[in-house]
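Report on the structure
Each chain, written out:
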Amino acid sequence: MTELTPRLKLVYDMLGEGDLVVDVGCDHAYLPIKLVSDGKYRRAIASDIVEGPLAAAAKNIREALPEGAITTCLSDGLEKVAVEDGFSLAVCGMGGDAVASVLSSEKAKRARLAVLQPMTKEEHLRCHLWENGFEITSERAVSEGEKIYAAMAVVYTGKNTPYEEAELYLGKREARAASPDMARRLELFHGRHAAIRNSIARSGGDASFDDMLVRAAEREILDIREKLR
Ligand SMILES: C[S@@+](CC[C@H](N)C(=O)[O-])C[C@H]1O[C@@H](n2cnc3c(N)ncnc32)[C@H](O)[C@@H]1O
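Residues numbered from 1 in each chain as written. Predicted model: local features only at pLDDT ≥ 70, side-chain atom pairs only at ≥ 80, totals over all residues.

1. A short note on helix 2 (residues 30-37)
Threshold: In this scheme the burial state of a residue depends on its C-beta neighbours within 10 Å: 20 or more other such atoms mean buried, 12 or fewer mean exposed, and anything in between means partly exposed; the C-beta positions come from the backbone. Runs of E in the DSSP output that reach at least two residues are strands. Runs of H or I that reach at least four are helices, and both are numbered from the N terminus. Whether two residues are in contact is decided by their C-beta atoms, placed from the backbone, lying within 7 Å.
Of all eight residues in helix 2, seven are buried, a share of seventy percent or more. Three or more residues of helix 2 are buried, namely Tyr30, Leu31, Pro32, Ile33, Lys34, Leu35 and Val36. Packing partners of the buried residues in helix 2 comprise helix 1 (6-15), strand 1 (18-24), strand 2 (41-48), helix 3 (51-64), strand 3 (70-74) and strand 4 (87-94). Backbone geometry just downstream of helix 2 places Gly39 in the positive-phi region, at approximately 75°.

2. What about the site of the ligand?
Worth spelling out the cut-off: Contact assignment follows one rule, namely that a residue is near a molecule or strand if its backbone-placed C-beta atom lies within 6 Å of it. The residue classification treats Ala, Val, Leu, Ile, Met, Phe, Trp, Tyr, Cys and Pro as nonpolar and Asp, Glu, Lys and Arg as charged. All others, Gly included, are polar.
The immediate surroundings of the ligand are formed by 16 residues, with Gly25, Asp27, Ile49, Cys92 and Gly93 found nearest. Secondary-structure elements contributing two or more residues to the shell around the ligand are strand 2 and strand 4. Looking at the shell around the ligand, the element that brings in the most residues is strand 4, giving three residues. In the shell around the ligand, the residues fall into nine nonpolar, four polar and three charged.

3. Digging into the domain arrangement of the protein chain
Basically, it comes down to this: Each domain's extent is set by a domain assignment, obtained either automatically or from a database.
By domain assignment, the protein chain separates into domain 1 (6-172) and domain 2 (180-228). One C-alpha centre belongs to domain 1, the other to domain 2; they are set 28 Å apart. If you look at the interface, domain 1 gives eight residues, while domain 2 gives 11 residues.

Here it is as structure tokens:
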């Protein structure tokens, strides 16, 4: 089978091993096929809200694995998915709000581990997680071509996590894996918000929000550079 892209390989690595993995928004099901083919997971459920991708997933699964190893499920999030206690959950390649909506199902609380890879609005997702009893245990980044993607490992503890506003955007220092890709990601964030801050300030507006983000990013960049030395 085709190799996973660096982004999906990061999610693959963070999922580790287990019995059942559920990939919500599986599209072509490359991730669960690789996890089960490699023996990392015994079984998988590949689900998607749209029939087209799910049909493509079913074809790929038939070609790659014996019948029954991976089942497909047409479902909005976890709604129709028959989960089991201690399953692993992957939700990748969607906007942060869509990922948060999948995690708002009661079924998500039964996961041993969820690996989430939001494409946008990470701050909304972190806010949802920290205010709804989920802990983000690690965050990792990887570059793929010109882009840098990040994924987070999450567990349900039932306890909310206190946070500073900048941490919604940057994540928590203690969860962040230090790597050159993560440093680059922080630098890009810093550059984007410094440009916004400067532009607002030039036009006489209130740049305090972006200034706060820039200063927080500077502290995190210093920390990660120190760790990478
Ligand atoms: C951009 S693709 C990402 C595919 C794959 N997970 C990846 O990361 O490469 C997003 C997929 O999520 C599906 N999707 C979006 N919202 C969904 C939802 N609420 N429940 C299930 N699938 C959803 C879309 O139909 C699409 O196939």
